[in-house]
Amino acid sequence: MYKKHVIAAIMLICMFIMASCGKEVDDIIMIDDTSKIVIEDEVGKNEENNNEENNNEEEIVENEDNTNKEKSSLDGLMYEKELLTNRPIVFSIDNHPKARPQAGLSEAEIVYEVEVEAPYTRYLAVFQSLEPKLIGPVRSARPYLIYLSLEYDSIFAHVGGSAEAFQKLYDLSVADIDGLYTSAMWRYYDTNKYAPHNLYTSSKKLREDASNKNYKTEFEFDGYKFNDSDLDLNNNVGAKNVEIVYNNSNSTNYVYDEEAKVYIRLKDDEKHFDENNNKQITAKNILIYSVDKKVLDNEGRLYLGVIGKGFGYYITNGKVIEIKWQKDSETDRTKFYYDNQEIKLNPGNTWVQVVNKRTEVNITE
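Residues numbered from 1 in each chain as written. Predicted model: local features only at pLDDT ≥ 70, side-chain atom pairs only at ≥ 80, totals over all residues. Heavy atoms only, no water.

> What am I meant to see in the overall build of the protein chain here?
Per the secondary structure count, the protein chain includes 6 helices and 23 strands. Across the 365 residues that make up the protein chain, the buried fraction comes to 47%. Here the analysis covers contacts within the protein chain between residues at least 6 apart in sequence; of these, 62% occur between residues at least 24 apart. By element, 48% of the accessible surface of the protein chain is carried by carbon and sulfur atoms, the whole surface being about 19500 Å². (Helix = DSSP H or I, 4+ residues; strand = E, 2+ residues; numbered from the N terminus. Buried < 20%, exposed > 50% of the residue type's maximum accessible area, 1.4 Å probe, protein only. Contact = heavy atoms within 4.5 Å. Areas by Shrake-Rupley, 256 points an atom, 1.4 Å probe, with all protein chains shown as cover.)

Listed below in structure tokens is the structure:
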């Protein structure tokens, strides 16, 4: 009893001193919690029993968490069930050098890199479960970007587009949100970027706008297949370094991190960071597949044959296999096959590199 009174007196003195120094209430609460732990130790609590109780509590919490989680069909990871009821949003993301670094890409389940007017590429980022504080810069639509976004029965976010893209948005009844006609996207000048490379948004704002437009919230898409756990490819062909040369001024590289078992991404020989968190972007899975390419007009707009079939590569855990791909229509998911079986991806995010048949792809040990 005497010991408790002494401790209580000490606590009051500490609170008075900390209040005088302008400390926050939260700091005082933390000290009070620590004092309780000391008191319990002094009165002779059995440490072994405490450890057993704590372990049991952790097991219960873990079980409770798992019962409220399901596997995502976009990246094979476990998320709260309610997050997986979000209709996917697919963003057309600017990749002009003046648009870098982009915001939100490190939190996308899937990101595509595709060619647009030479010498540039563009990203197509798929979000469902995570909501970065900013996503962008958002850029314009192209028909083949629309075909890829439709694989996810998604809301398609863009700003403007080619004449053919606008026609496809109409013909295919795409649930799109155009930055030219919404307050859910805005010019963000704090990034020191300038138009047209500074139009940003967020999933939250886009979902609010989609609700105002009465777009459906339910969705249906054919999800990817995933391994139950992280597995190595069953071959001996190494893939520690991946180089994709779109042209003389546009390249993408991946370097394998053996400890983390992910690929570190570089763009034009510079490390690729997320603007939101300064986090270097990595990929668990890399899919590369080759399509037909034609230049359509004097502006350099392209036809990319993402509907059809062809060859490519699947890369994960430092190894590579040659694969075949097939997409039967605008809305069908692109499927990837090895030995006539659809491949299973490792749980984690995926970067998809869409290349043309003349693109230089180097995969080395």
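Now that the structure is up, let's keep going.
> What exactly am I supposed to notice about a negative patch on the surface here?
Residues Glu243, Asp269, Glu270 and Glu360 make up a contiguous surface patch of negative charge. Inspection of the secondary structure assignment puts Asp269 in the loop between strand E12 (262-267) and strand E13 (270-271). A relative accessible area of 63% places Asp269 in the exposed class. (Patch = residues over 30% accessible without salt bridge, like charges linked within 9 Å, V, L, I, M, F, W, Y side chains within 5 Å. Salt bridge = Lys/Arg side-chain N within 4 Å of Asp/Glu carboxyl O. Lys, Arg positive; Asp, Glu negative; His and termini not counted. Charge placed at Lys NZ, Arg CZ, Asp CG, Glu CD.)

> What exactly am I supposed to notice about the sheet that holds strand E18 (residues 308-316) here?
Think of a sheet as strands paired side by side through backbone hydrogen bonds, with each pair either parallel or antiparallel. As summarised here, the arrangement of the 11 strands in space is E7-E6-E3-E5-E4-E22-E15-E18-E19-E20-E21, forming an open sheet in which the pairing is mixed. Edge positions in the open sheet fall to strand E7 (176-178) and strand E21 (341-342), since each of these has one partner strand only. By the bridge criterion, 2 bridges tie strand E20 (residues 335-338) to E21 in an arrangement that is antiparallel. Each bridged residue has a counterpart across the sheet, and for Tyr338 the counterpart in E21 is Gln341. (Pairing = 2+ DSSP bridges.)

> Got a minute to help me understand the environment of Asn247 in this structure?
Assignment of secondary structure puts Asn247 in strand E10 (residues 241-247). When the C-alpha atoms of Asn247 and Tyr120 are compared, they prove to be 8.9 Å apart, with 127 residues separating the residues in sequence. A distance of 3.0 Å separates the side chain of Asn247 from the backbone oxygen of Pro119, its partner in a polar contact. Of note is the side chain of Asn247, whose polar atom sits 3.1 Å from the backbone nitrogen of Asn250. (Polar contact = N/O pair within 3.5 Å; in protein donor to acceptor, adjacent residues only side chain to side chain.)

> How should the nonpolar core be read in this particular structure?
Soluble globular proteins tend to pack their nonpolar side chains together in the buried interior. Tyr112, Tyr152, Phe156, Tyr289 and Val306 are the most contacted members of the largest nonpolar core, which has 39 residues in total. Elements with a minimum of two residues in this core: strand E4 (110-115), strand E5 (121-127), helix H4 (143-149), helix H5 (163-171), strand E15 (285-291), strand E17 (302-304), strand E19 (319-327) and strand E22 (350-356). Every residue in contact with Tyr289, bar those within four places of it in the chain, is listed here: Leu148, Val306, Phe311, Gly312, Trp325, Thr334, Phe336, Val352, Gln353, Val354 and Val355. If you look at the next biggest cluster of nonpolar residues, it comprises 35 residues, including Ala125, Ala184, Tyr263 and Trp351. (Core = buried A, V, L, I, M, F, W, Y, C linked by side-chain atoms within 4.5 Å.)

> Can you help me understand the environment of Asn235 in this one?
Relative to the elements of secondary structure, Asn235 occurs in the loop between helix H6 (203-212) and E10. For the pair Asn235 and Lys319, spaced 84 residues apart in sequence, the C-alpha separation works out to 7.5 Å. Apart from the residues lying within four places of it in its own chain, the contact partners of Asn235 are Lys319, Val320 and Ile321.

No statement about biological role is implied by the geometric values presented.
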